[in-house]
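# Coordinate analysis (summary)
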Amino acid sequence: MTNTERPIALYGFLRPRPERADEVRSILSSFVEPTRREPGNLQYHLHEHEDGRFFLYEVWRSQEDLDRHNATPPLRAFLETLSTFLEEAPEGYFDTMVSPYPDTEPTPVR
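These notes cover the structure that comes with them. (Residues numbered from 1 in each chain as written. Predicted model: local features only at pLDDT ≥ 70, side-chain atom pairs only at ≥ 80, totals over all residues. Heavy atoms only, no water.)

## Considerations on the overall build of the chain
Secondary structure assignment for the chain yields four helices and four strands. Starting at the N terminus, the α and β elements of the chain follow one another as β-α-β-β-α-α-α-β. (Helix = DSSP H or I, 4+ residues; strand = E, 2+ residues; numbered from the N terminus.)

Quick look at the structure:
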């Protein structure tokens, strides 16, 4: 990452329909490890809130990396049917990080 590039953060809540909560948990959980291995992924976290909502927090090196992730077949299939899983529209946010992101490359020992 150059000094002029800023990571992209995507975060938000999904409230599943009660009868589909286990299915949503399973689908979202299945995305975690493969997504973390994708080029450009800096962070990918899934949380379950006490009120039943799921909270996703993702950080990507660039918009290009996020776009490539959003084009993956499993994610596309889920997003195309998302409304059948949820009680309401997702509450999502998409921002460029202002704070510096820690260097992802190890510093060479001299």
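Still to come is the rest of the account.
## A word on the nonpolar core
Counting 13 residues, the largest nonpolar core has L28, F31 and F78 as its most contacted members. Only helix 1 (21–36), strand 3 (54–60), helix 3 (73–80) and helix 4 (82–85) provide two or more residues apiece to this core. Broken down by element, the residue count for this core peaks at four residues, all from helix 1. Apart from the residues lying within four places of it in its own chain, the contact partners of F31 are Y44, P74, L75 and F78. (Core = buried A, V, L, I, M, F, W, Y, C linked by side-chain atoms within 4.5 Å. Buried < 20%, exposed > 50% of the residue type's maximum accessible area, 1.4 Å probe, protein only. Contact = heavy atoms within 4.5 Å.)

## A closer look at the sheet that holds strand 4 (residues 91–96)
With antiparallel pairing, the four strands of this open sheet are ordered in space as 2-3-1-4. The sheet is open, and its two edges are formed by strand 2 (41–48) and strand 4, each paired on a single side. The mean inter-strand angle of the sheet, taken between neighbouring strand axes irrespective of direction, is 10°. Two strands pair when backbone bridges link them, and strand 2 and strand 3 are joined in this way by seven bridges, in the antiparallel orientation. Opposite N41, over in strand 3, you have W60 as the bridge partner. Docked against the sheet, helix 1 engages strand 1 (8–14), strand 2 and strand 3, running at close to 160° with respect to strand 2. (Pairing = 2+ DSSP bridges. Axes fitted to C-alpha atoms, helices over the stretch in contact; angles between N-to-C directions.)

## Structural notes on the packing of helix 1 against helix 3
Where helix 1 meets helix 3, the axes come as close as 11 Å, and the angle between the chain directions of the two elements is 155°. Classed by the angle they form, the pair helix 1 and helix 3 counts as roughly antiparallel. Handedness of the crossing formed by helix 1 with helix 3: left-handed. In contact with I27, L28 and F31 of helix 1, helix 3 contributes P74, L75 and F78. Its residues assigned to classes, the contact of helix 1 with helix 3 comprises six nonpolar, no polar and no charged. (Parallel < 35°, antiparallel > 145°, perpendicular 65-115°, else oblique. Left-handed = near helix turned anticlockwise from the far one by under 90°. Nonpolar A, V, L, I, M, F, W, Y, C, P; charged D, E, K, R; others polar.)

## So, the packing of aromatic side chains
Evaluated as defined, the whole model comprises five aromatic pairs. The interplanar angle of 50° and the centroid separation of 5.0 Å between the aromatic rings of F13 and F55 together place this pair among those described as tilted. Note that F13 is positioned in strand 1 and F55 in strand 3, a separation of 42 residues in sequence. Look at F55 and you get partly exposed, because its relative accessible area is 21%. Through pairs of rings, three or more aromatic residues link up here, namely Y11, Y57 and Y93. If you follow R20 out to its NZ or CZ, it ends over the ring of F85, 4.0 Å from the centre. (Phe/Tyr/Trp six-rings, centres within 6.5 Å; stacked < 30°, edge-to-face > 60°. Lys NZ or Arg CZ within 6 Å of the ring centre and 35° of its normal.)

From the geometry alone we can't say anything about function, so treat these as descriptive.
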